[in-house]
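Now for the letters of each chain:
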Amino acid sequence: MRKRLFYSLFLGAVLCMTTACSDDDNGGPGDGGGGNGNVPVTTVEQAQEEIDRVGKALAAKIDVERLKPTISLLEYCENTFFNEDDEAILPDYPNHPDYGWRSLMRTMRLSAQGDIAALASKRAIGDVYEISQLHGKWQWNETMEEWDQISDASMNNSAIYMFKYEGKDCVAELKGSGQEFEFARKDSTGYVYSETIKIPATITGTIKLNGELMILLTVNTEACDYAGKQYSANATFEATNAGYKVTHSLLDNNSEAAVKSELYSGNERLITMSCSVNGRNLADIDLIESGYFDGNANLKNGILGCNIMDDISLNITADNNNGLVDAFDYDGYYYYYQGDTVGSLESLKEAARVKAQRAVDAANQYVQAAMFFKNSTYSVPLTWQTVHYDYSYPGGYYYSGEWSAEPVLNFENGTTYTFGEYFTVARFQSLIAVYEELFGRFENL
């Protein structure tokens, strides 16, 4: 789906309602988490009023000024300790040329800025695993712009980095504890053809400023087995001085994969996003990384959605038993030059439209989706339609465009809108103004 839809959905439905399923009872009675069940369909005006109300309430819960010290500190760490080519200049260690330090700082900064799914990936947590294997203490040399080793692994059971930030003493530390999982990739003969990573069951990361705890990151790993094809972990990022927390959980085995992210302000849960899918070979790393993973053959059913403040949710269920993934694996883009002797603009355009229509037909048959408004107990069902975008310039010799399968909102009187059509400045002017002000505060950090 198109990125512009994600932005429209973000502005209208209040925050990243584009992935993942809610685990709350906000999907309507008897609908299985998708579709609209028996929940009455709302009017255009009712939905607008509810989205506007919840959107403003959510924006009011995000205190940018309290988050500012955390975000500024993480941004400093991200941009200070690496060269422009993104190569690490951390202490020389032959098996760990990068350590994932910069990407870890970036991941935590994104989490603090509202990208609540940033840490919910095996790659992001993998950076934490890599750093946790390095023990020792280093001091940043501002004159030489390099790390001076204070003590080696024999003297420390954690990775400790000391530096100055705005004239204050800052200490970043990552420490592992508990059971160790050995993640070793082996071939059928048992030969280990990549480095073994030792993963502590619990990893704790902290950043302190003049002794005050600013950031707390915890990763708990319950299972990590290459041969057994299973992985299970959860992570928590806390901006302790701002009372702000993001939690993540990940589960991956050959028959099920799931991820869930939640955003809290204090003890109040603001947003829940999650996604789960069942099928085959879902944890086969070799198959996935080789590019031979067949989504149509291996994916069966999926559930996606988002819940905001227990007032608005988006729930989607998809059945791939009849080729839904294959139907959406298409390129609706077309390009034509006036001097081409083969084919015609109309034939290219029609071929792209047919592909998009096939995806639309499959989605409308095998996907159930709706937005729900809990307090008012009504819903807005989602269906799919083809949408055409013409990228050509008048009077030019080159013609291009795209046919896309896009979701549409269905209202009580039978009218339908794409997200772009519905979430307009005219309809949501006051809400968009609130979010533009909020985004402006983040940008000015």
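Rules and cut-offs
Residues numbered from 1 in each chain as written. Predicted model: local features only at pLDDT ≥ 70, side-chain atom pairs only at ≥ 80, totals over all residues. Heavy atoms only, no water. Helix = DSSP H or I, 4+ residues; strand = E, 2+ residues; numbered from the N terminus. Buried < 20%, exposed > 50% of the residue type's maximum accessible area, 1.4 Å probe, protein only. Contact = heavy atoms within 4.5 Å. Areas by Shrake-Rupley, 256 points an atom, 1.4 Å probe, with all protein chains shown as cover. Patch = residues over 30% accessible without salt bridge, like charges linked within 9 Å, V, L, I, M, F, W, Y side chains within 5 Å. Salt bridge = Lys/Arg side-chain N within 4 Å of Asp/Glu carboxyl O. Axes fitted to C-alpha atoms, helices over the stretch in contact; angles between N-to-C directions. Parallel < 35°, antiparallel > 145°, perpendicular 65-115°, else oblique. Left-handed = near helix turned anticlockwise from the far one by under 90°. Pairing = 2+ DSSP bridges. pLDDT = per-residue confidence, 0-100. Phe/Tyr/Trp six-rings, centres within 6.5 Å; stacked < 30°, edge-to-face > 60°. Lys NZ or Arg CZ within 6 Å of the ring centre and 35° of its normal.

## Considerations on the overall build of the protein chain
Step number 1: Of regular secondary structure, the protein chain possesses eleven helices and 17 strands.
Step number 2: When burial is assessed residue by residue, the protein chain has 46% of its 445 residues classed as buried.
Step number 3: Long-range pairs, those at least 24 residues apart, make up 60% of the contacts in the protein chain with a sequence separation of at least 6.
Step number 4: Accessible area for the protein chain stands at about 21500 Å²; split by element, carbon and sulfur atoms hold 48% of it.

## What to know about a nonpolar patch on the surface
Step number 1: Taken together, the side chains of Tyr 333, Tyr 335, Tyr 337, Tyr 397 and Tyr 398 present a nonpolar region at the surface, about 570 Å² in accessible area.
Step number 2: The element best represented in the nonpolar patch is strand β13 (residues 333-337), accounting for three residues.
Step number 3: Tracing the chain through its elements places Tyr 398 in strand β16 (residues 398-410).
Step number 4: Judged by relative accessible area, which is 49%, Tyr 398 ranks as partly exposed.

## Examining the environment of Ile 131
Step number 1: Turning to its location among the elements, Ile 131 is positioned in helix α5 (residues 122-132).
Step number 2: As for Ile 131 and Leu 174, which are separated by 43 residues in sequence, their C-alpha atoms are 7.2 Å apart.

## A short note on the pattern of salt bridges
Step number 1: Per the stated rule, a full pass over the model turns up 13 salt bridges.
Step number 2: For the salt bridge of Asp 326 with Arg 358, the shortest nitrogen-to-oxygen distance reads 3.0 Å. Separated by 32 residues along the polypeptide, Asp 326 in helix α8 (residues 324-328) and Arg 358 in helix α9 (residues 345-366) bring together distant segments of the chain.
Step number 3: Taking the relative accessible area as the measure of exposure, Asp 326 reaches 35% and is therefore partly exposed.
Step number 4: Between Glu 350 and Arg 353 there is a salt bridge; the shortest N-O distance is 2.8 Å. Taken together, the positions of Glu 350 and Arg 353, both in helix α9 and three residues apart, correspond to about one turn of that helix.
Step number 5: Taking relative accessible area as the criterion, Glu 350 reaches 37% and is therefore assigned partly exposed.
Step number 6: For Arg 353, a relative accessible area of 26% corresponds to the partly exposed category.

## Description of the packing of helix α3 (residues 64-80) against helix α4 (residues 101-112)
Step number 1: Viewed as axis vectors pointing N to C, α3 and α4 meet at an angle of 160°, and their least axial separation amounts to 8 Å. With respect to their mutual orientation, α3 and α4 come out roughly antiparallel. Note on packing geometry: the crossing formed by α3 with α4 is left-handed. For the pair formed by α3 and α4, the contact residues are Leu 67, Ile 71, Leu 74, Glu 75, Cys 77, Glu 78 and Asn 79 on the first element and Trp 101, Arg 102, Met 105, Arg 106, Met 108, Arg 109 and Ala 112 on the second.

## Looking at the pairing of strand β4 (residues 168-183)
Step number 1: In this sheet, β4 lies alongside strand β3 (residues 159-165) in antiparallel orientation, the contact comprising seven bridges. The residue bridging Phe 163 from the neighbouring strand is Cys 170, located in β4.
Step number 2: Taken together, β3 and the strand that follows it, β4, pair antiparallel across an intervening segment of two residues, in which Glu 166 is found at a positive phi of about 55°.
Step number 3: Here twelve bridges tie β4 to strand β5 (residues 197-209), and the two strands are oriented antiparallel to one another. Bridging across to β5, Glu 173 finds its partner in Thr 206.

## Remarks on the confidence of the model for the protein chain
Step number 1: A residue-level look at the protein chain finds 84% of positions with pLDDT of 70 or above and a mean pLDDT of 80.
Step number 2: Within the protein chain, α9 carries the highest mean pLDDT (94), whereas helix α1 (residues 3-13) carries the lowest (28).
Step number 3: Considering only residues more than four positions removed or in separate chains, one finds that residues 1-34, a stretch of pLDDT under 50, has 116 contacts.
Step number 4: Scored below 50 in pLDDT, residues 83-98 shows 31 contacts in the model against residues more than four places distant or in partner chains.

## Describing the packing of aromatic side chains
Step number 1: Evaluated as defined, the whole model comprises 15 aromatic pairs.
Step number 2: Judged by centre distance (5.2 Å) and plane angle (45°), the rings of Phe 373 and Tyr 378 are tilted. For the pair Phe 373 and Tyr 378, a shared accessibility class is recorded, and that class is buried.
Step number 3: The cationic tip of Lys 245 hangs over the ring face of Tyr 264; the distance from NZ or CZ to the ring centre is 5.0 Å.
Step number 4: The ring of Tyr 417 has Arg 427 sitting right over it, with the charged end atom 5.1 Å from the ring centre.

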